[in-house]
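Inside the fold
Take a look at the letters that make up each chain.
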Amino acid sequence: MALSKIDVANMLTGVAPLANGGTGATSFTAGITEADQWRVTSTFTGDANPVASNWERNDFNFDKIGTGMSESSGIFTFPSTGIWEIKYGGVSQIGGNAQNRWNDWKIEATTNNSSYNLIGATGNSGALSNTANSQYSSAQSSVIFDVTNVSTHKVRFTIDVNDGSTSQMGASTYQYHGATFIRLGDT
Amino acid sequence: MPENNDRPKHIEDALCQMHSNQWFTWTDSKNKIYANLRLSAKVGIDGEIVDNPITELPTESAVNAKLVELQNAWDAANGG
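On a predicted model such as this, the values are computed, not experimentally measured, just so you know. (Residues numbered from 1 in each chain as written. Chains lettered and ligands numbered in written order. Predicted model: local features only at pLDDT ≥ 70, side-chain atom pairs only at ≥ 80, totals over all residues. Heavy atoms only, no water.)

Remarks on the overall build of chain A
Tallying secondary structure elements over chain A gives zero helices and 12 strands in all. Counting helices and strands in the order they occur from the N terminus, chain A gives β-β-β-β-β-β-β-β-β-β-β-β. Here chain A holds 187 residues, and 48% of them are scored as buried. Residue pairs at least 24 apart in sequence account for 71% of intrachain contacts in chain A once pairs closer than 6 positions are excluded. Carbon and sulfur atoms provide 50% of the accessible area of chain A, an area that totals close to 8,800 Å². (Helix = DSSP H or I, 4+ residues; strand = E, 2+ residues; numbered from the N terminus. Buried < 20%, exposed > 50% of the residue type's maximum accessible area, 1.4 Å probe, protein only. Contact = heavy atoms within 4.5 Å. Areas by Shrake-Rupley, 256 points an atom, 1.4 Å probe, with all protein chains shown as cover.)

Given below as structure tokens:
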């Protein structure tokens, strides 16, 4: 029998795609259904526990996929349940002659819309700068979070610094200090 | 914000040295001029979101003076 005569539907358990003579209705699951990116628009010095203000959605040649995250005073709410990847990071400026040994960049989550737990962390430092010039260093953390209830499962971000003169760099025209949210699949 | 070198050149460089944490914000973050400077309503301290303890904006002249101070310090430290 010629291959063109084989009914591909007989070899599938699901619905055959249109190109193979099927209805195409449910042949493939959807790809990424939610992706969003936010950033902190201004530089600040010292701790921010949590990073509560100056958040904006990326607005340069960007479009979110799906509904997107919502943010209020640094608390991020998910638009739908699912398995989510959260990335958070940025760049620190350690002033000249500063003795900064560490900066902690933290992702914190709540599952009861109240108490937050550390779920991801990374750090950077100024390597005990002993020059007059500032030093820059970057950090990024990534974590996967199972959001089973959008009313109770939320995230926020925290900066703790060893030396209070350390600045976390912010910008409103490019991604310098910020977070990325991607829904990987169903919970 | 420092770019090609870290010599302070913008009022935001001065603002973030006047107080710690996210005490200030902008009405237009794409146009960071003094006229658009505001106090943040809330800041994060010790895991809580609380009212901004900074309750008064510095004057424009105070901000500019801080920027000049930072620039002079940078220049002195870099052979200027």
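Details of the overall build of chain B
Regarding its fold elements, chain B presents two helices and four strands. For chain B, the α and β elements follow one another from N to C terminus as α-β-β-β-β-α. Expressed as lengths along the three principal axes of its C-alpha atoms, the size of chain B is roughly 45 × 30 × 20 Å. Taken over 80 residues, chain B has a buried fraction of 41%. For chain B, long-range pairs separated by at least 24 residues make up 38% of all intrachain contacts whose partners lie at least 6 apart in sequence. Approximately 4,300 Å² of chain B is accessible, and the part contributed by carbon and sulfur atoms is 50%.

Some thoughts on the side chain of S167 of chain A
Along the chain, S167 of chain A falls in strand β11 (residues 167–168). Given the relative accessible area of 1%, S167 of chain A is considered buried. Among the polar contacts made by the side chain of S167 of chain A, one reaches the side chain of T45 of chain A at a distance of 3.0 Å. Setting aside residues up to four positions removed in sequence, S167 of chain A forms contacts with T43, F44, T45, V91, S92 and Q93 of chain A together with C16 and Q17 of chain B. (Polar contact = N/O pair within 3.5 Å; in protein donor to acceptor, adjacent residues only side chain to side chain.)

As for helix α1 (residues 11–18) of chain B
Because the α-helix completes a turn every 3.6 residues, residues three or four places apart line up on one side. Extensive coverage of α1 of chain B is indicated by the burial of six of its eight residues. Those residues of α1 of chain B hidden inside the fold are in contact with β2 (44–45) and β11 of chain A together with β1 (24–26), β2 (37–39) and α2 (60–77) of chain B.

Structural notes on the packing of aromatic side chains
Residues and elements named next belong to chain A. If you walk through the whole model with that rule in mind, you get 14 aromatic pairs over all chains. On the numbers, 6.0 Å between centres and 50° between planes, the contact of F78 with F145 is tilted. Of this pair, F78 sits in the loop between β5 (75–77) and β6 (82–94) while F145 sits in strand β9 (residues 135–147); the two residues are 67 residues apart in sequence, bridging distant segments of the chain. One exposure class covers both F78 and F145, and it is buried. With a centroid separation of 6.4 Å and an interplanar angle of 85°, the aromatic rings of F78 and F181 are classed as edge-to-face. Of the two residues, F78 sits in the loop between β5 and β6 while F181 sits in strand β12 (residues 178–185), which places them 103 residues apart along the sequence. In this structure an aromatic cluster arises from ring pairing among W38, W55, F76, F78, W84, Y88, W105, F145, F157 and F181. Taking NZ or CZ as reference, R156 lies 4.1 Å from the ring centre of Y116, over its face. (Phe/Tyr/Trp six-rings, centres within 6.5 Å; stacked < 30°, edge-to-face > 60°. Lys NZ or Arg CZ within 6 Å of the ring centre and 35° of its normal.)

Description of the packing of α1 of chain B against α2 of chain B
All names here are of chain B. Between α1 and α2, the shortest axis-to-axis distance is 8 Å and the interhelical angle comes to 95°. One finds that α1 runs roughly perpendicular with respect to α2. Contact residues: I11, D13, A14, L15, Q17 and M18 in α1; A62, V63, N64, K66, L67 and L70 in α2. Looking at the contact of α1 with α2 residue by residue, the class counts come to eight nonpolar, two polar and two charged. (Axes fitted to C-alpha atoms, helices over the stretch in contact; angles between N-to-C directions. Parallel < 35°, antiparallel > 145°, perpendicular 65-115°, else oblique. Nonpolar A, V, L, I, M, F, W, Y, C, P; charged D, E, K, R; others polar.)

As for the pattern of salt bridges
For the structure shown, the criterion picks out 12 salt bridges over all chains. Between D36 of chain A and R57 of chain A there is a salt bridge whose closest N-O contact spans 2.8 Å. Of this pair, D36 of chain A sits in strand β1 (residues 35–40) while R57 of chain A sits in strand β3 (residues 55–57), and the two are 21 residues apart along the sequence. As a salt-bridge pair, D59 of chain A and K30 of chain B come within 2.7 Å of each other at their nearest N and O atoms. Of this pair, D59 of chain A sits in the loop between β3 and β4 (70–72) while K30 of chain B sits in the loop between β1 and β2, placing the two residues on different chains. Look at D59 of chain A and you get partly exposed, because its relative accessible area is 44%. Looking at K30 of chain B, the relative accessible area reads 40%, which means it is partly exposed. (Salt bridge = Lys/Arg side-chain N within 4 Å of Asp/Glu carboxyl O.)

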